[in-house]
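# Residue-level structure breakdown
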Amino acid sequence: EALRRLESEGLITLVPHSGARVARIDIGECTELYRLREVIEPMALAESVPNLSAQQLIELRGLLTEIENSSQDPPRWLKLDRRFHLESYAAAPMPRVLSMIERFWNQTQQYRRAYLGTDYDTKIAVANSEHRLIFVALEDRDGGDAASRLRSHLRRTRITLSRHPDLFDDA
């Protein structure tokens with residue numbers, strides 16, 4: 001359980017039949033994982049939108065407020081950001097895709113942490129604005145718009161990370 005928790009925080013990588021290793025910060029892996037996320041997560045979000053209940057939307061609105069109020073607490077912000085995204089996909093009738101998404105989130109946790117390491121206040125402000133735009137599309141029940149906004153949100157993170165090779169172990 002402790003190893004799974006460390007993996008979910010991006011601190012280690014569990015290797016089947018081998019054990020655990022310290023997670024590396026690798027630009028190639030980062031780019032590949034984010035490009036996969038840019039395809040899979042918008043698809044799941046578009047499928048989730050028509051199935052989100054009124055209660056789920058209320059909870060997502062509450063998460064947005066919590067995210068915005070945690071802007072000066074990066075670890076809390078990262079945890080809430082993860083919850084917001086995963087809960088927004090939760091109504092997608094695609095259990096295998098949702099499982100893949102959670103694995104990708106675990107594998108990109110260290111990149112999300114590294115991403116926040118430079119120009120933090122600006123990045124948080126932009127991400128919070130993007131979350132608001134995604135949420136408006138969810139409330140409007142516009143899966144296509146929500147997916148498009150999410151794709152841009154993920155793409156911006158990938159591009160920003162690629163502009164900072166100094167953040168990676170293989171630089």
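Structural data are supplied above this passage.
Being a predicted model, the structure only gives us computed values, none of them experimental. Residue numbers run consecutively from 1 along every chain, following the written order of its sequence. Note on the predicted model: pLDDT of at least 70 is required for a residue's local features to be given, and 80 or more for side-chain atom pairs to be given and counted; whole-chain, interface and lining totals, by contrast, use all residues. The side-chain numbers reported here are obtained from all heavy atoms of the structure, hydrogens and water having been left aside.

## Looking at the overall build of the chain
This is how it is decided: Runs of H or I in DSSP of at least four residues are treated as helices and runs of E of at least two as strands, each being numbered from the N terminus. Here the globule rule is a power law, 2.2 Å times the number of residues to the power 0.38, and the radius of gyration is based on C-alpha atoms. Only protein chains enter the accessibility calculation, which uses a 1.4 Å probe. A residue is then buried if its area is under 20% of the maximum for its type, exposed if over 50%, and partly exposed in between. Any pair of residues with heavy atoms lying within 4.5 Å of one another is described as a contacting pair. The Shrake-Rupley method, run with a 1.4 Å probe sphere, supplies the accessible areas, and residue values consider only the shown protein chains as cover.
Counting secondary structure elements, the chain contains seven helices and two strands. Secondary structure of the chain in N-to-C order comes out as α-β-β-α-α-α-α-α-α. For a compact globule of 171 residues, the expected C-alpha radius of gyration is about 16 Å, and the chain comes in at 16 Å, within 12% of that figure. With 171 residues in all, the chain has 44% of them scored as buried. Taking contacts inside the chain between residues at least 6 apart in sequence as the whole, the part at least 24 apart equals 75%. Within the structure as shown, the chain displays about 9000 Å² of accessible surface, and the carbon and sulfur contribution to it stands at 53%.

## Remarks on the side chain of T108
Quick reminder of the rule: N or O atoms closer than or at 3.5 Å make up a polar contact, with two conditions inside protein: a donor-capable atom paired with an acceptor-capable one, and, for residues adjacent in sequence, both atoms drawn from side chains.
Positionally, T108 belongs in helix α5 (residues 95–116). With a relative accessible area of 0%, T108 lands in the buried category. Separated by 2.9 Å, the side chain of T108 and the backbone oxygen of F104 make a polar contact. When sequence neighbours within four positions are dropped, the list of residues in contact with T108 reads L33, Y34 and R37.

## As for empty space enclosed by the protein
Threshold: A cavity, in this analysis, means grid points on a 1 Å lattice covering only the protein atoms where a 1.4 Å probe fits yet has no way out; a pocket is instead an open set bounded by protein on both sides within 12 Å along at least five of seven lines, and a residue lines either one if it has an atom within 4 Å of a point. Grid points are joined across faces, edges and corners, and a volume is the space filled by probe spheres set on the points. Just so you know the grouping, Ala, Val, Leu, Ile, Met, Phe, Trp, Tyr, Cys and Pro go in nonpolar, Asp, Glu, Lys and Arg go in charged, and all remaining residues, Gly too, go in polar.
Under the criterion given, the structure shown has one cavity of 30 Å³ or more. Within this model, the largest cavity holds a volume of roughly 150 Å³. Lining the largest cavity are 15 residues, and of these Y34, D81, R112, H153 and T157 sit closest to its centre. Mapped onto the lining of the largest cavity, the elements with two or more residues apiece are α2 (27–48), α4 (74–89), α5 and α7 (143–162). Class assignment for the residues of the lining of the largest cavity results in eight nonpolar, three polar and four charged.

## Comments concerning the pattern of salt bridges
Basically, it comes down to this: By definition here, a salt bridge exists when the distance from a side-chain nitrogen of Lys or Arg to a carboxyl oxygen of Asp or Glu is within 4 Å.
Using the criterion set out here, one finds 10 salt bridges in the structure. Between E139 and R61 there is a salt bridge whose closest N-O contact spans 2.2 Å. In this pair, E139 is assigned in helix α6 (residues 120–139) and R61 in helix α3 (residues 54–69), connecting sequence segments 78 residues apart. For E139, a relative accessible area of 37% corresponds to the partly exposed category.

## Description of the side chain of S71
Secondary-structure assignment places S71 in the loop between α3 and α4. Within the structure, the side chain of S71 is placed 3.2 Å from the side chain of N128, a separation counted as a polar contact.

## Regarding the pairing of strand β2 (residues 19–22)
When a strand is regular, its side chains alternate between the sheet's two faces. Defined as follows: Two strands form a pair only when DSSP identifies at least two bridges running between them.
By the bridge criterion, four bridges tie strand β1 (residues 12–15) to β2 in an arrangement that is antiparallel. In the sheet register, L14 faces β2, and the bridge partner there is A20. Count of turn residues in the β1/β2 antiparallel hairpin: three residues, of which H17 carries a positive phi of about 65°.

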